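Reading the structure
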Amino acid sequence: MSSLPITTYGHRYWGQNSYGAVNPSDTANWQQPISYYCNDNVINTFPIAFLDEFYSTGNLPSINLANTCNNVDDPVFSGTNLPNCSFLASSIEACQAAGKIVTISLGGATGSNGFANDTQAAAYAQTIWNLFLGGTSSTRPFGAAILDGIDMDIEGGSQTGFVSFLTALRSLMNGGNKPYYITAAPQCPYPDAYIGTTLDAFGFDAVYVQFYNNYCGLTNYNNSNDWDFGTWDNWAKTVSPNPNAKVYIGAPASTSAAGSGYVTPSTFTTIIQQTMAQYSSFGGVMLWDASQAYANSRYDVSVKNALTGGTAPPTTTTTTTSSSTSTTSHTTTTATSTTSSASPTTTHTTGSCSGVAAWQTGVAYVGGNEVTYNGDLWTAKWWSENDVPGGSAGDWTDDGPC
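Computed from a predicted model, the values in this text were never measured in an experiment. (Residues numbered from 1 in each chain as written. Predicted model: local features only at pLDDT ≥ 70, side-chain atom pairs only at ≥ 80, totals over all residues. Heavy atoms only, no water.)

Pairing is antiparallel in the open sheet, where three strands are placed in the order 12-13-15. With one partner strand each, in any of the chains shown, strand 12 (370-373) and strand 15 (396-401) form the two edges of the open sheet. Taking the axes of each pair of neighbouring strands and ignoring which way they run, one obtains an average angle of 30 degrees across the sheet. As defined by bridge partners, strand 12 adjoins strand 13 (residues 376-380) across four bridges and the pair is classed as antiparallel. Note on strand 13: the bridge partner recorded for Tyr373 is Asp376. (Pairing = 2+ DSSP bridges. Helix = DSSP H or I, 4+ residues; strand = E, 2+ residues; numbered from the N terminus. Axes fitted to C-alpha atoms, helices over the stretch in contact; angles between N-to-C directions.)

Below is the structure:
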């Protein structure tokens, strides 16, 4: 496993022209070539979205990069449905030369993905290696450009073969001549309906959790029954095979980037800085997507400022109307969560219970959370759920009577 350089880093999807999809007349703000977004130090990783078909014509994948490159408007390799986007090679290499990580994201909301069995899945690892990473092929969509890894944005279908695919791919990566990364983009309800089992069985470097289009989105940050970053933090520390896995806050970069979950720069700054201080698994922020962030007064700049200890600039968000036919990749699942995380709490004077909620069963608490129980004030030592303050698990510190 590789270690993503993510202490204060932001990740931004590129490829789907999300802004252009809901603002077709505003062509000036449509998606630009990827190198356009690599001219400053604001964003550090770019997952290219998407490889949307695992098996298309010729048994090879297909990719769709919206207005930049696709299998309708651009030439495809003979006998395949795979567009030749090799004109992007120099842009990708320019981003990498500037220190950016560029990966390919598999799936998306309308993706046709999946395997029949483990054997097929393991063989597919060689296909991805040859087409996008350190292997060789006459049908490389990005020509000589060697991407830095893959992202799994799986939003439907079966998980059959995923662990075999990723294990075989990791083996190829380990034999490569540079670091490679494997990430995933689950939705915030835990466990994720379409990749949750895989997350528990394979050591991902990081997860870009989609805290939008769901009840556990950013707009419910102050609702301890909905906001569940603490649950994902616990997953990273105690469930993931990679104990160093990082958890990112995935966010829409404007009001038109998702159906729900967008928050203003000032609100997001507070959320980022509180989460960063509270959870050691916090890795950074993922934004959907590049076009939306730039059109929304460089929303990504306010995120970077928050990550590096700054404050958000005055909000000057351009309001746009979201369309139900948007090609935005991230959608709501029907998965439900039975675990909630407690929202960050204000530090109280020892023994003072003013404004402190009573301990509840079914709520996941993290280190530093305060509750009242049997007339005393208690502070959580670490993550716990259903462990009564004062109980044998020893998860709570008794701060004395209220």
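Our focus in this paragraph is the packing of helix 3 (residues 118-132) against helix 4 (residues 162-174). The contact between helix 3 and helix 4 brings their axes to 7 Å, and the two run at 35 degrees. Considering how the two elements wind past one another, helix 3 and helix 4 form a crossing that is right-handed. Here Asp118, Ala121, Ala122, Tyr124, Ala125, Gln126, Ile128 and Trp129 of helix 3 lie close against helix 4, whose contacting residues are Ser164, Phe165, Ala168, Leu169, Leu172 and Met173. In terms of residue class, the contact of helix 3 with helix 4 is made up of 11 nonpolar, two polar and one charged. (Left-handed = near helix turned anticlockwise from the far one by under 90°. Contact = heavy atoms within 4.5 Å. Nonpolar A, V, L, I, M, F, W, Y, C, P; charged D, E, K, R; others polar.)

What follows concerns the pattern of salt bridges. This model, assessed by the stated rule, comprises six salt bridges. Taken together, the shared-partner salt bridges connect Arg12, Asp40, Arg298 and Asp300 into one network. (Salt bridge = Lys/Arg side-chain N within 4 Å of Asp/Glu carboxyl O.)

A few words on the packing of aromatic side chains. Taken as a whole, this structure holds 30 aromatic pairs when the rule is applied. Judged by centre distance (5.6 Å) and plane angle (50 degrees), the ring pair of Tyr36 and Tyr294 falls under tilted. You can see Tyr36 sitting in the loop between helix 1 (18-22) and strand 2 (45-53) and its partner Tyr294 sitting in helix 8 (residues 290-295), a full 258 residues away along the chain. Ring geometry for Tyr55 and Tyr124: centres 4.9 Å apart, planes at 50 degrees, overall tilted. Of the two residues, Tyr55 sits in the loop between strand 2 and strand 3 (62-63) while Tyr124 sits in helix 3, which places them 69 residues apart along the sequence. Overall, Tyr124 belongs to the buried group, its relative accessible area being 1%. (Phe/Tyr/Trp six-rings, centres within 6.5 Å; stacked < 30°, edge-to-face > 60°. Buried < 20%, exposed > 50% of the residue type's maximum accessible area, 1.4 Å probe, protein only.)

Moving on, we get to the nonpolar core. Ranked by internal contacts, the top residues of the largest apolar core, which has 85 residues, are Phe142, Ile150, Met152, Phe165 and Phe268. If one sorts the elements of this core by residue count, helix 3 sits on top with seven residues. With sequence-adjacent residues up to four places away left out, Phe142 is seen in contact with Ile48, Ile63, Leu65, Cys85, Ser86, Leu88, Ala89, Ile92, Ile104, Phe132 and Leu147. Phe50, Ala206, Ala257 and Trp288 belong to the second-largest nonpolar core, a separate cluster that totals 12 residues. (Core = buried A, V, L, I, M, F, W, Y, C linked by side-chain atoms within 4.5 Å.)

Omega for the peptide link from Tyr190 to Pro191 comes to -5 degrees, which places this bond in the cis form. If you trace the backbone, Pro191 turns up in the loop between strand 6 (181-184) and helix 5 (196-201). Cis rather than trans, the peptide bond between Trp288 and Asp289 has omega equal to -15 degrees. Of note in the backbone geometry, Asn17 takes a positive phi value of approximately 50 degrees without being a glycine.

Detailed reading of predicted coordinates is not advised where the pLDDT is low. Taken residue by residue, the protein gives an average pLDDT of 86. The fraction at 70 or more is 84%. Low pLDDT, under 50, characterises residues 315-351; the predicted model gives this stretch 115 contacts beyond four residues in sequence or across chains. (pLDDT = per-residue confidence, 0-100.)

With 13 residues, helix 4 should cover 18 Å at 1.5 Å per step; its first-to-last C-alpha distance of 18 Å lies within 8% of that length. Of all the residues in helix 4, the buried ones are Phe162, Phe165, Leu166, Leu169, Arg170 and Met173. All buried residues of helix 4 lie within an arc of 130 degrees about the axis, which places them on one face of the element. Looking at the buried positions of helix 4, the neighbouring elements they touch are strand 4 (101-108), helix 3, strand 5 (149-154), strand 6 and helix 5. (Expected span 1.5 Å × (residues − 1). Arc of directions from axis to C-beta.)

Here, disulfide denotes a covalent bond that connects the sulfur atoms of two cysteines. Taken as a whole, this structure holds four disulfides when the rule is applied. A sulfur-sulfur distance of 2.0 Å marks the disulfide that ties Cys38 to Cys95. Disulfide Cys38 to Cys95: torsion about the S-S bond roughly 95 degrees, handedness right-handed. On the criterion of sequence distance, the pair formed by Cys38 in the loop between helix 1 and strand 2 and Cys95 in helix 2 (residues 89-97) is long-range, its members being 57 residues apart. Accessibility expressed as a relative area gives 7% for Cys38, which makes it buried. Disulfide pairing places Cys69 opposite Cys85 at an S-S distance of 2.0 Å. Judged by the torsion about the S-S bond (-85 degrees), the Cys69/Cys85 disulfide is left-handed. Here Cys85 lies in the loop between strand 3 and helix 2 and Cys69 lies in the loop between strand 3 and helix 2, a separation of 16 residues in the sequence. Taken N- to C-terminal, the disulfide-bonded cysteines of the protein are connected 1-4, 2-3, 5-6, 7-8. (Disulfide = S-S within 2.5 Å.)

Another aspect to go through is helix 3. In this model helix 3 runs 21 Å from its N-terminal to its C-terminal C-alpha over 15 residues, within 8% of the 21 Å that 1.5 Å per residue would give. When helix 3 is considered as a whole, its buried residues turn out to be Ala121, Tyr124, Ala125, Ile128, Trp129, Leu131 and Phe132. Lining the buried residues of helix 3 we find strand 2, strand 3, strand 4, strand 5 and helix 4. The N-cap residue of helix 3 is Asn117: its side-chain oxygen and the backbone nitrogen of Thr119 are 3.2 Å apart. (Polar contact = N/O pair within 3.5 Å; in protein donor to acceptor, adjacent residues only side chain to side chain.)

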